[in-house]
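In case you want the letters, here they are:
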Amino acid sequence: MERNRYIGLVAAGLLVAAAACGEKKRAENGVITDTSTAAAPTVPAAAESAAAPGSSAPATAPVVAGAPVTVANSPQYGSYLADGQGRALYLFTADKPGASSCTGACATAWPPYVAQQGAPGAGSAGVQASMLSSLQRPDGKTQVVYNQHPLYYFQKDTGPGRTTGQDVHAFGGEWYLVTPQGEKLEKGAGGGQS
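Every chain's residues receive numbers from 1 upward, in the order its sequence appears when written. pLDDT decides what is reported in this predicted model: residues at 70 or higher carry local features, side-chain atom pairs at 80 or more are listed and counted, and totals for whole chains, interfaces and linings draw on all residues regardless. Side-chain measures were taken over the full set of non-hydrogen atoms in the model, leaving aside hydrogen atoms and water.

### Details of the overall build of the protein chain
Then step 1. Scanning the protein chain from terminus to terminus reveals two helices and 12 strands.
Then step 2. The helix and strand sequence of the protein chain, counted from the amino end, reads α-β-β-β-β-β-α-β-β-β-β-β-β-β.
Then step 3. Expressed as a percentage of its 194 residues, the buried residues of the protein chain come to 36%.
Then step 4. Of the contacts made within the protein chain by residues no fewer than 6 positions apart, 64% connect residues no fewer than 24 positions apart.
Then step 5. Working definition of accessibility: Shrake-Rupley area with a 1.4 Å probe, residue cover restricted to the visible protein chains. Surface exposure of the protein chain reaches about 10700 Å², of which carbon and sulfur atoms provide 56%. Comment: elements are numbered from the N terminus, with helices defined as DSSP H or I runs of at least four residues and strands as E runs of at least two. The rule is simple: take the accessible area with a 1.4 Å probe, protein chains only, and divide by the maximum for that residue type; under 20% is buried, over 50% is exposed, in between is partly exposed. Contacts are assigned to residue pairs with any non-hydrogen atoms lying within 4.5 Å of each other.

### Here we look at the nonpolar core
Then step 1. Among buried residues, those of type Ala, Val, Leu, Ile, Met, Phe, Trp, Tyr and Cys that are joined through side-chain atoms within 4.5 Å constitute a nonpolar core. Counting residues in hydrophobic clusters, the biggest one holds 17 residues, and the most contacted among them are Y90, C102, W110, W175 and L177.
Then step 2. Secondary structure elements with two or more residues in this core: β4 (78-82), β5 (90-92), α2 (105-109) and β12 (173-177).
Then step 3. In this structure, C102 is in contact with F92, D95, A107, W110, R137, Y152 and W175, ignoring residues within four places of it in sequence.
Then step 4. With 16 residues, the next largest nonpolar core counts A67, M131, Y153 and Y176 among its residues.

### Here we look at the packing of aromatic side chains
Then step 1. Ring geometry is summarised as follows: Phe, Tyr and Trp rings, the Trp one being its six-membered ring, pair when their centres sit within 6.5 Å, and such pairs are stacked at plane angles under 30 degrees, edge-to-face over 60 and tilted between the two. The full count for this structure, using the stated rule, is seven aromatic pairs.
Then step 2. Measuring from centroid to centroid gives 5.5 Å for Y90 and W110, while their planes differ by 80 degrees, and the two rings are edge-to-face. Placement of the pair is Y90 in strand β5 and W110 in the loop between α2 and β6 (114-115), with a sequence separation of 20 residues.
Then step 3. Judged by centre distance (4.1 Å) and plane angle (25 degrees), the ring pair of W110 and F154 falls under stacked. Residue W110 is found in the loop between α2 and β6, and its partner F154 is found in the loop between β10 (149-150) and β11 (168-170); the two are separated by 44 residues along the sequence. Here W110 matches F154 in class, with each residue buried.
Then step 4. Each member of the aromatic cluster is reached from another via a ring pair, and the members are Y90, F92, W110, Y152, F154 and W175.

Put into structure tokens, the structure is as follows:
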């Protein structure tokens, strides 16, 4: 009796494992055919996984392959650069042209906008593809650069259309939204949308 119960538990475990590995169906000729796909669908991963201390929100938004740069608009600031999901992108005045000086705690608060694969790409009208480039960060990730300004998110921006990082003074420099012309956006200084 105990042996039958053991065999039943093992069989149930194997059925659960088989279901988790992929759906199977029996063909008309009695051959079992695997109908699962060879690879799981690709889900964009976060650009950086670290969140700011004490924060429950992710530090960055997911980025798609190629890291598209788009133009977003707000009544307060007008046109500014954003990622493919509409999250605001910033420049840091302490950076040198084409080089990032934001690492460690800075990169936790201001996560770099990184490409998961391939080169960054223009995702909408108004983005000048000739201004797009990239740089290699110390951790090996590829950060998107626009007009020689490395691009960053702001950890406190909770979603598309948020611009709470505009004209913030932190980590030895100032943070600004970026215009489609590749310059810091200064109008509307003093805080973004909440």
